[in-house]
Amino acid sequence: YKVVSVYLRQSFDLDASTAASGADLRFSVDYDDGFVAYLNGKELARRQLGAPGDTVRYTDTAGLHEAGSPEIISIPDAASFLQEGVNVLAIQVHNFSLSSSDMSMIADLELDQNPSSPLVRSGDTWRYFVGTGEPSPFPLPTEPPEDLSDFVDWIELINTGAAPVSLQGWSL
């Protein structure tokens, strides 16, 4: 089926000295049609989806842009985005229209130093979420609500097949 948006995530670990590096980040991206990229919840770059900081809903369409010419985006002060331990690059990719026949994202992130230090590669295994609803906001609350009777977030898993399905190894 066709959708307007897809959400991608890739995690990577860093030691304290790398996270505090004074190097810039180099974000190489080849996309169709638009995207907003976040590193640890902080907007890293966007194209064809409004101004920096604008909210982009899963139903929003992007301006028209064809893939085929990777763009190199230099982001100063990597230390303001990176942290020791687990880091997450999240990219919200949007299509020009629901009837568009293509959507793509090829992204690489590295520390711009000599030699360069790859952080995320397009050939890595990425986690993804098809944009059929809004994802949870970032960051997630650290404390549960005081009154759980008003808590409305929930997940329902339905097995529509006849055979049992193991959820071993799955996580949210």
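Residues numbered from 1 in each chain as written. Predicted model: local features only at pLDDT ≥ 70, side-chain atom pairs only at ≥ 80, totals over all residues. Heavy atoms only, no water.

(A) Representation of the nonpolar core within the structure. In this structure, Leu25, Phe27, Phe35, Leu44, Leu82, Ile91 and Leu109 are the most contacted members of the largest nonpolar core, which totals 31 residues. Within the residue set of this core, elements represented by two or more residues are β1 (5-14), β2 (24-32), β3 (34-39), β4 (42-47), β5 (71-75), β6 (85-94), β7 (104-112) and β8 (117-120). (Core = buried A, V, L, I, M, F, W, Y, C linked by side-chain atoms within 4.5 Å. Buried < 20%, exposed > 50% of the residue type's maximum accessible area, 1.4 Å probe, protein only. Helix = DSSP H or I, 4+ residues; strand = E, 2+ residues; numbered from the N terminus.)

(B) Summary view of the pattern of salt bridges. Under the counting rule described, the total for this entry stands at 6 salt bridges. With a shortest N-O distance of 2.7 Å, Glu71 and Arg47 are connected by a salt bridge. With Glu71 in strand β5 and Arg47 in strand β4, the pair connects residues that are 24 residues apart, well separated along the chain. In the salt-bridge network here, residues are joined through shared partners; they are Arg26, Asp108, Glu110, Asp112 and Arg121. (Salt bridge = Lys/Arg side-chain N within 4 Å of Asp/Glu carboxyl O.)

(C) Quick look at the environment of Ser116. Mapped onto the fold, Ser116 is located in the loop between β7 and β8. Residue Ser116 is classed as partly exposed on the basis of its relative accessible area of 33%. Distance from Ser116 to Leu25, taken between C-alpha atoms, is 9.7 Å for residues 91 residues apart in sequence. Look past the residues within four positions of Ser116 in its chain and what remains in contact with it is Glu110 and Leu111. (Contact = heavy atoms within 4.5 Å.)

(D) Up close: the packing of aromatic side chains. By the definition in use, this model includes 3 aromatic pairs. Between the aromatic rings of Tyr7 and Phe129, the centroid separation amounts to 5.6 Å while the plane-to-plane angle is 65°, which identifies the pairing as edge-to-face. With a gap of 122 residues between them, Tyr7 in strand β1 and Phe129 in strand β9 (residues 127-130) connect regions that are remote in the sequence. Phe129 gets classed as partly exposed once you look at its relative accessible area, which sits at 35%. Between Tyr31 and Phe35 the ring centres are 4.9 Å apart and the planes differ by 70°, which places this aromatic pair in the edge-to-face class. Like Phe35, Tyr31 is buried. Ring pairing ties together the aromatic residues Phe27, Tyr31 and Phe35, which thus form one cluster. The ring of Phe81 has Lys42 sitting right over it, with the charged end atom 4.6 Å from the ring centre. (Phe/Tyr/Trp six-rings, centres within 6.5 Å; stacked < 30°, edge-to-face > 60°. Lys NZ or Arg CZ within 6 Å of the ring centre and 35° of its normal.)

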